[in-house]
Amino acid sequence: MAGLALNALKLSHFRSHKRAELAFDGRPVAFVGSNGAGKTNLIEAISLLSPGRGLRRAVTEDLARRPESVGWKVQASLTRLHESHEVETAAAPGESRTVRIDDKPAPQVALAAIMPIVWLVPAMDRLWIEAAEGRRRFLDRMVMSFAPDHAALALEYEKAMRQRNRLLKDGVRDAHWYAAIERIMAKSGAEMTRNRLALIERLRDAQASADTAFPAADLTLTSEGPSPVDEAALADALEGSRPRDLLAGRSLVGPHRADLSAIWQAKGMIAADCSTGEQKALLISLVLANGRALAEDRGVAPILLLDEVSAHLDAARRAALYDEITAMAGQTFMTGTEVQLFAGLGPRAQGFAVEEGPAGSTITAVDLPG
């Protein structure tokens, strides 16, 4: 049994699902259906059991089923190291998303301590060649699985940075207005960077010790200016950057400008120069390494959400992936357009067929090919 398991999921007026109730037994899960049937909506709902805007980064109102517009709700029962929890997140029309844990109101960041979730979606296939923002989000999602307080640190840093950016846009030059804000940014920003570097080091060890069919990646965190792990140096850098930041109207120094780079270790090739399939394999390798390391260190593998994971993977790599996620004894939720894409899983996983109907998506249990 997994150290962390989602046991039940209930949706109300969420995307294409007017009503849905699913029970899970800790095994990996495959949702199978045609494009537009609503299978990705299911794992998106699960992604909202963690801090943030979920795997699609959708605004709250877009999550509600149309045309009813009555709001939406996601409820889950889970077990973590023999402790049971009930989690609910919902939003009424025109209101912000709320969270309840064990029937008590809670901030979103509290979800990180209960349910670490990491995901890969097709939009991330170009992660290594597009903007750094996506790579930071990918890294921070894994960091949160090890350091749940990372979510609160990031929130604190971003709030202070927004205040500083408002001063910059308004052309404020009084140093006293900046000093207090920059102290907050330096403190939370330095801790964020330490968390990121610790995660990279742990992933390096996990990849080196693994018997895996996926390539090891050498990761590097890059940033501008002095070492961002030094709080005093980061505060000095923010102060020194004020003239340049005033011209730009935004903060140009700090962990929000960091970038993650990767090299295919065996080939010595930077990820951006690898083929699409190789880039996908590197991402999968990192997600699996994250899962193995967390299971080893904490006894809890994160829940993995792998949307259309078979894309760009040949049959041998798919089989290797399924072997590794089942060996990890964690819970993985996958989607695919055909049941044959999950050949080889058989009784090692649960299967559900998702179909589009006139009243919304319908879900039925199916056997997966062995």
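Residues numbered from 1 in each chain as written. Predicted model: local features only at pLDDT ≥ 70, side-chain atom pairs only at ≥ 80, totals over all residues. Heavy atoms only, no water.

Trainee: Which residues make up the UniProt feature "binding site: ATP" (unreviewed entry) in the protein, and what are the values?
Mentor: As annotated by UniProt and renumbered to match this structure, "binding site: ATP" (unreviewed entry) occupies Gly 33, Ser 34, Asn 35, Gly 36, Ala 37, Gly 38, Lys 39 and Thr 40. Relative to the helices and strands, Asn 35 is located in the loop between strand S3 (29–32) and helix H1 (39–47). For Asn 35, the residues in contact, after removing those within four places along its chain, are Glu 308 and Thr 337. Relative to the helices and strands, Thr 40 resides in helix H1. Contacts of Thr 40, omitting those with residues within four sequence positions, involve Leu 55, Arg 56, Asp 307 and Thr 335. (UniProt positions renumbered as here; feature names shortened; annotations may be inferred. Helix = DSSP H or I, 4+ residues; strand = E, 2+ residues; numbered from the N terminus. Contact = heavy atoms within 4.5 Å.)

Trainee: Account for the pattern of salt bridges, with residues named and values stated.
Mentor: Charged atoms that come close allow side chains of opposite charge to pair. Going through the model one piece at a time under the given rule, you end up with 22 salt bridges. Between Lys 280 and Asp 125 there is a salt bridge, with the nearest N and O atoms lying 3.2 Å from each other. Of this pair, Lys 280 sits in helix H8 (residues 276–298) while Asp 125 sits in the loop between strand S8 (117–120) and helix H3 (132–146), and the two are 155 residues apart along the sequence. Arg 292 is paired through a salt bridge with Glu 324; the nearest N and O atoms lie 3.3 Å apart. Of this pair, Arg 292 sits in helix H8 while Glu 324 sits in helix H9 (residues 315–327), and the two are 32 residues apart along the sequence. The exposure class assigned to Arg 292 is partly exposed, which follows from its relative accessible area of 24%. With relative accessibility at 13%, the residue Glu 324 sits in the buried group. A network of salt bridges, in which partner residues are shared, links Arg 164, Glu 182, Arg 242 and Asp 245. (Salt bridge = Lys/Arg side-chain N within 4 Å of Asp/Glu carboxyl O. Buried < 20%, exposed > 50% of the residue type's maximum accessible area, 1.4 Å probe, protein only.)

Trainee: Explain the sheet that holds strand S9 (residues 217–222) to me, using residue names and the numbers behind them.
Mentor: Here three strands make up an open sheet; going across it, the order is S9-S10-S11 and the pairing antiparallel. Edge positions in the sheet fall to S9 and strand S11 (269–270), since each has one partner strand and no second. The sheet contact formed by strand S10 (residues 259–264) and S11 spans two bridges and is antiparallel. The partner of Ile 263 across the bridge, within S11, is Ile 270. (Pairing = 2+ DSSP bridges.)

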